[in-house]
Amino acid sequence: MNGLSTALIILGLFLLGGVISFAKQKMPKNLIAVLSIGAAMSIVAGVMYWK
């Protein structure tokens, strides 16, 4: 595990927290969808780079 993979995973978790927060605030569904896609891509990229 190196710095880049760690940063990508942390970024993905931060974006996931934003998804949860925006969902609680009843923000537009399109914004939540884009944010969740970004979070998933960041976490997957961090995990793939780690392996």
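Small disclaimer: the values here were computed from a predicted structure and weren't measured.

## A short note on the packing of helix 1 (residues 3-24) against helix 2 (residues 29-50)
Turning to step 1, where the next piece is worked out: Axis separation between helix 1 and helix 2 bottoms out at 8 Å; the angle between their running directions is 160 degrees. By the criterion of interaxial angle, the relationship of helix 1 to helix 2 is roughly antiparallel. You can see that helix 1 and helix 2 cross each other, and the crossing is left-handed.
Turning to step 2, where the next piece is worked out: Class assignment of the residues belonging to the contact of helix 1 with helix 2 gives a composition of 19 nonpolar, 7 polar and no charged.

## A few points about unusual backbone geometry
Turning to step 1, where the next piece is worked out: Positive phi is not limited to glycine here, since Lys26 has a value of about 60 degrees.
Turning to step 2, where the next piece is worked out: Of note, Lys26 is situated in the loop between helix 1 and helix 2.
Turning to step 3, where the next piece is worked out: Since its relative accessible area comes to 73%, Lys26 is described here as exposed.

## Regarding the environment of Met48
Turning to step 1, where the next piece is worked out: Tracing the backbone shows Met48 in helix 2.
Turning to step 2, where the next piece is worked out: Along the backbone, Met48 and Ile10 are 38 residues apart, and their C-alpha atoms lie at a distance of 14 Å.

## Concerning the nonpolar core
Turning to step 1, where the next piece is worked out: Among the nonpolar cores identified, the biggest contains 5 residues, and these are Leu15, Val19, Ile32, Leu35 and Ala39.
Turning to step 2, where the next piece is worked out: Mapped onto this core, the elements with two or more residues apiece are helix 1 and helix 2.
Turning to step 3, where the next piece is worked out: In terms of residues, this core owes the most to one element, helix 2, which gives 3 residues.

## A word on a nonpolar patch on the surface
Turning to step 1, where the next piece is worked out: Taken together, Leu13, Leu16 and Ile20 make up a surface patch of nonpolar side chains, about 270 Å² in accessible area.
Turning to step 2, where the next piece is worked out: Mapping Leu13 onto the fold places it in helix 1.

## Quick word on helix 1
Turning to step 1, where the next piece is worked out: Taking 1.5 Å of rise per residue, 22 residues should cover 32 Å, and helix 1 covers 32 Å from first to last C-alpha, within 8% of that figure.
Turning to step 2, where the next piece is worked out: Among all positions of helix 1, only Ser5, Ile9, Gly12, Leu15, Gly18 and Val19 are buried.
Turning to step 3, where the next piece is worked out: Residue Lys26 follows helix 1 closely and has a positive phi angle near 60 degrees.

Basis of the calculations
- Residues numbered from 1 in each chain as written.
- Predicted model: local features only at pLDDT ≥ 70, side-chain atom pairs only at ≥ 80, totals over all residues.
- Heavy atoms only, no water.
- Axes fitted to C-alpha atoms, helices over the stretch in contact; angles between N-to-C directions.
- Helix = DSSP H or I, 4+ residues; strand = E, 2+ residues; numbered from the N terminus.
- Parallel < 35°, antiparallel > 145°, perpendicular 65-115°, else oblique.
- Left-handed = near helix turned anticlockwise from the far one by under 90°.
- Nonpolar A, V, L, I, M, F, W, Y, C, P; charged D, E, K, R; others polar.
- Buried < 20%, exposed > 50% of the residue type's maximum accessible area, 1.4 Å probe, protein only.
- Core = buried A, V, L, I, M, F, W, Y, C linked by side-chain atoms within 4.5 Å.
- Patch = residues over 30% accessible without salt bridge, like charges linked within 9 Å, V, L, I, M, F, W, Y side chains within 5 Å.
- Areas by Shrake-Rupley, 256 points an atom, 1.4 Å probe, with all protein chains shown as cover.
- Salt bridge = Lys/Arg side-chain N within 4 Å of Asp/Glu carboxyl O.
- Expected span 1.5 Å × (residues − 1).

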